[in-house]
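In case you want the letters, here they are:
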Amino acid sequence: MNQDTLGKPPVQNEQLAYAGVLDKLSHFAMLFLGGSYAAYVFLLLPQKVSINAMAANWHLKASVMQEKLNAPVGWSFMASPESFLRGDALSYLAIIMICMIPVVCLLFTAPAFFREKRPIFGVIALLQVLILLVAATGMLVR
Amino acid sequence: MVGMGAAAFLFSFVLGIFAVLAGVGGGVLFVPIVSSFFPFHLDYVRGAGLMVALSGAISAGAPLMRKGLADLKLGLPMALIGSVSSIAGAMVGLSLPAETVQLLLGIVIVAIATIMFLSGKSGYPEVKVPDALSKALHISGIYYEESIKKEISWQVHRTPLSLVFFLMIGFIGGMFGLGAGFANVPVFNLLMGVPLKVSVATSGLVLSINGAAAAWVYMFKGAMLPLIAVPSIGGMMLGSKIGAKLLTKVNTGSVRVIVVSMLAVAGIRSLLKGFGI
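The present account deals with the structure reproduced in this document. (Residues numbered from 1 in each chain as written. Chains lettered and ligands numbered in written order. Predicted model: local features only at pLDDT ≥ 70, side-chain atom pairs only at ≥ 80, totals over all residues. Heavy atoms only, no water.)

1. Some points on the interface of chain B and chain A
Put simply, the test is: Any two residues having at least one pair of non-hydrogen atoms within 4.5 Å are treated as being in contact. Two parts lose some accessible area (1.4 Å probe) when they are put together, and adding that loss for both gives the buried area. When a carboxyl oxygen of Asp or Glu is within 4 Å of a side-chain nitrogen of Lys or Arg, the pair counts as a salt bridge. Nitrogen and oxygen atoms within 3.5 Å of one another constitute a polar contact, given that in protein one can donate a hydrogen and the other can accept it, and given that sequence-neighbouring residues count only through two side-chain atoms. Helix numbering and strand numbering both begin at the N terminus, where a helix is a DSSP run of H or I of at least 4 residues and a strand a DSSP run of E of at least 2. We call Asp, Glu, Lys and Arg charged. Ala, Val, Leu, Ile, Met, Phe, Trp, Tyr, Cys and Pro are nonpolar, and the rest, Gly among them, are polar.
The interface is formed by 68 residues belonging to chain B together with 68 residues belonging to chain A. Interface area, chain B with chain A, both sides summed: about 6000 Å², of which 74% is carbon and sulfur. Considering only the side of chain B, the residues that lose the most area to chain A are W216(B), F220(B) and L227(B), jointly responsible for 13% of the buried surface there. Scanning the region where chain B abuts chain A turns up 2 salt bridges. Applying the counting criterion to the chain B and chain A interface returns 15 residue pairs in polar contact (both at pLDDT 80 or more). Going through the elements one at a time, α1 (2–22), α3 (42–66), α4 (72–95), β1 (140–145), β2 (150–155), α9 (196–220) and α10 (226–246) of chain B are the ones with two or more residues in the side of chain B that touches chain A. Among the elements that make up the side of chain B that touches chain A, the one with the highest residue count is α4(B) (11 residues). Class assignment for the residues of the side of chain B that touches chain A results in 49 nonpolar, 9 polar and 10 charged.

2. Topic: the state of the cysteines
Working definition of a disulfide: a covalent bond connecting the sulfur atoms of two cysteines. Residue and element names in this part refer to chain A. Basically, it comes down to this: Note on terminology: pairs of cysteine sulfur atoms within 2.5 Å are recorded as disulfides. We call a residue buried when its accessible area falls under 20% of the maximum for its residue type, exposed when it is over 50%, and partly exposed in between, using a 1.4 Å probe and counting protein chains only.
Applying the stated criterion to the full structure yields 0 disulfides over all chains. Here C99 is not cross-linked by a disulfide; its sulfur's nearest cysteine counterpart is in C105, at 13 Å. Overall, the relative accessible area of 0% leaves C105 in the buried class.

3. Here's the deal with the pairing of β2(B)
All names here are of chain B. Note the threshold: Any two strands with at least two DSSP-identified bridges between them are counted as paired.
With 6 bridges joining them, β1 and β2 adopt antiparallel strand pairing. In the sheet register, E145 faces β2, and the bridge partner there is K150. Counted between consecutive antiparallel strands, the loop separating β1 from β2 contains 4 residues, among which K149 sits at a positive phi close to 55°.

4. Focus: helix α6 (residues 119–137) of chain A
Selection rule: Multiply 1.5 Å by the residue count of a helix minus one, and that product is the helix's expected span.
For α6(A), which comprises 19 residues, the first-to-last C-alpha distance of 27 Å matches the rise-based estimate of 27 Å (1.5 Å per residue) to within 8%. Every buried residue belonging to α6(A) is among F121(A), G122(A), I124(A), A125(A), Q128(A), V129(A), I131(A), L132(A), A135(A) and A136(A), and all of these are buried. For α6(A), the secondary structure elements touched by its buried residues are α5 (87–115) of chain A together with α4, α6 (132–137) and α9 of chain B. Within two residues after α6(A), G138(A) carries a phi angle of roughly 80°, on the positive side.

Quick look at the structure:
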């Protein structure tokens with residue numbers, strides 16, 4: 001149904017809440033992604049697994065390469081400051097940050113749904129956060 | 001070795017331009033083509049493909065949501081179902097032999113190319129009677145259409161059937177590392193009766209959540225290599241921006257034919273690789 005209109009229709013508050021957080025986080029994550037990758041490929045930081053070793057094995061199935069190189073997986077690079085401050089680990093962290101963006105956005109949006117008297121969507125948002133966090137623990141793939 | 005990263009960046013850049021001009025997501029082009037022409041194992045290509053699709057959706061999401069085009073009430077129930085199945089799809093995909101996945105990928109890509117070739121789209125579908133579930137959830141909306149300077153109000157039907165479709169789409173997206181916008185949009189638009197622009201924008205929201213869920217499986221299985229994923233993300237995002245600028249200047253119909261042909265070739269190549277040929 002189309003209608004002539006004088007002004008733009010208002011956008012719901014929960015949409016604006018989601019968009020506001022998404023905007024900030026996506027810009028930050030992309031900057032971090034670029035910076036950490038530059039530190040990785042230009043060897044500004046040490047690496048857990050060298051780029052040459054990685055490239056020599058990237059034709060192998062992930063499980064085989066993992067067994068051979070013990071490259072960072074999941075949260076393993078957070079085990080100690082030494083394993084964290086490495087080029088490959090920081091690049092990996094940037095990917096993790098991108099994957100966590102929907103979680104943070106939904107956590108900010110769920111209260112807005114409850115405030116706007118749309119509790120079903122508040123519950124759906126929280127259930128979605130739960131699913132994403134369960135995936136992030138890695139318990140499903142062990 | 002860094003040269004291969006640069007090649008992935010350039011290749012993704014070109015794919016990004018074509019993806020926007022053809023109106024398809026980046027992931028659906030990235031996985032079959034990169035897995036056919038680069039030396040990377042399919043596991044890492046699928047991991048990178050998910051990130052390419054997810055990053056594109058995330059970076060485009062905020063303005064679409066502020067304009068009321070990406071709709072949370074429409075997208076969240078679909079994403080909730082799709083994220084569970086995308087995790088399952090990723091787990092199944094990574095447990096199968098590469099040849100099997102390559103063969104199945106070939107079948108899926110050829111099917112997608114066929115659907116893209118045959119399917120239509122509807123700018124403003126009319127839904128006379130919304131279904132009971134969408135009424136109960138108040139899934140409907142209104143947005144301002146700049147091109148005709150009018151408000152467009154919309155409502156949906158066939159929500160339960162669409163949930164089943166999103167379950168399947170999530171599984172396929174997670175299994176093959178595809179963004180699945182190619183499937184989200186027709187389900188929103190043609191099945192549920194959502195206006196095309198709202199369908200495309202909300203598909204990005206669904207894709208960002210489903211992709212984030214499945215990406216963890218790839219990360220914990222060691223199938224996410226920053227060396228491949230990061231330049232691919234950068235190339236695709238930059239290419240998409242250029243593509244968006246070119247959108248009004250080129251014949252998108254011709255580009256769509258080229259992209260469908262590229263998909264068909266990549267799909268057939270995947271099939272042959274799957275058969276060991």
